[in-house]
Amino acid sequence: MSELQPIYGYGFFHVHDSGLVDQTIVFLYSDPGRLYLEISRDPVKRGREIELLARNMQYFLDEERVYINNKRVYPVVKDVDIGVAGLESLAYIVFKIVFKGELRKGLNHYLNEYEEETAEYDYTVYWVFPENARFVRASLNVPYEVVLEGRGVKFTVARGTRLPGREEIVFDLR
């Protein structure tokens, strides 16, 4: 995968009343050698690449410590997709990840602890809460914007940003 150069990333977290969190991560890459075009056309190579990506992502997820309301939860990679996006030299990787915690009426707390790092590419993250929930506050080390009439939060991390290894989000479930 040395030919791929990261361009941008997106993270989408959809929180359900049941406590299930559906997470989708989309990575976009410059692929001047058209590696992913070749891989996506060969079912065997595609399968191997997807298996490798899933294993690697799961390894990184297992290194994180994720909590909902002070109880540890365990994100699991459920699906991976790869391909090209409109241009033969624009590759993508999509990860579908799930985890579940116990939500309660009132304030709910999400915490993710991970190794300190420096962002290698720009990315934007969206959190969407249930219809009967409202965003309260966050500690993300970057500015954030409340969206969806208070039901969500959006933040962008610029390449080179030093991340302290801790993200917290609090939301109120009515």
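As a starting point, this report considers the structure included with it. (Residues numbered from 1 in each chain as written. Predicted model: local features only at pLDDT ≥ 70, side-chain atom pairs only at ≥ 80, totals over all residues. Heavy atoms only, no water.)

Right, let's get into the pattern of salt bridges. Tallied over the full model, the rule gives 9 salt bridges. For Lys71, the salt bridge identified is with Glu102, shortest N-O distance 3.7 Å. Taken together, the positions of Lys71 in strand β4 (residues 71–73) and Glu102 in the loop between β6 (87–100) and β7 (106–113) put the pair 31 residues apart, joining distant regions of the chain. For Lys71, a relative accessible area of 48% corresponds to the partly exposed category. (Salt bridge = Lys/Arg side-chain N within 4 Å of Asp/Glu carboxyl O. Helix = DSSP H or I, 4+ residues; strand = E, 2+ residues; numbered from the N terminus. Buried < 20%, exposed > 50% of the residue type's maximum accessible area, 1.4 Å probe, protein only.)

Within the chain, Arg34 stands out as a residue other than glycine whose phi angle is a positive 55°. Of note, Arg34 is situated in the loop between β2 (20–30) and α1 (35–41). Here Arg34 falls in the partly exposed class, since its relative accessible area comes to 37%. One non-glycine residue, Asn70, lies in positive phi territory at about 65°. On the secondary structure map, Asn70 appears in the loop between β3 (65–68) and β4.

The next subject is the sheet that holds strand β14 (residues 166–173). Strand order across the open sheet formed by 5 strands is β4-β3-β7-β14-β10, with antiparallel pairing between neighbours. Unpaired on one side and paired on the other, β4 and β10 (133–139) mark the two borders of the sheet. Neighbouring strand axes in the sheet, compared pairwise and without regard to direction, differ in orientation by 25° on average. Strand direction decides the pairing type here: β7 and β14, joined by 8 bridges, are antiparallel. (Pairing = 2+ DSSP bridges. Axes fitted to C-alpha atoms, helices over the stretch in contact; angles between N-to-C directions.)

With 21 residues, helix α2 (residues 43–63) should reach 30 Å at 1.5 Å per residue; the first-to-last C-alpha distance of 30 Å fits that figure. For α2, the complete set of buried residues consists of Glu49, Ile50, Leu53, Met57, Gln58 and Leu61. One face of α2 carries all of its buried residues, which in axial projection span an arc of 165°. Of the exposed residues in α2, the ones pointing more than 90 degrees away from its buried face are Arg48, Glu51 and Tyr59. (Expected span 1.5 Å × (residues − 1). Arc of directions from axis to C-beta.)

Right, let's talk about the sheet that holds strand β12 (residues 152–157) for a bit. Consider a sheet: its strands pair through backbone hydrogen bonds, and that pairing is either parallel or antiparallel. What the 7 strands build is an open sheet, ordered β5-β6-β2-β1-β9-β12-β11; its pairing is mixed. Since the sheet does not close on itself, it has two edges, and those belong to β5 (76–85) and β11 (144–147), each with one partner. On average, adjacent strands in this sheet sit at an angle of 15° to one another, irrespective of strand direction. Note that strand β1 (residues 5–15) and β2 share 10 bridges and pair antiparallel. Bridge pairing in β2 places Tyr8 opposite Leu28. Contacting β2, β5 and β6, α2 crosses the sheet at an angle of about 130° to β5. (Contact = heavy atoms within 4.5 Å.)

On to the pairing of β11, then. Direction of pairing for β11 relative to β12: antiparallel, over a ladder of 4 bridges. What sits directly across from Val147, in β12, is Gly152. Two successive antiparallel strands, β11 and β12, enclose a turn made up of 4 residues, where Leu148 displays a positive phi of approximately 55°.

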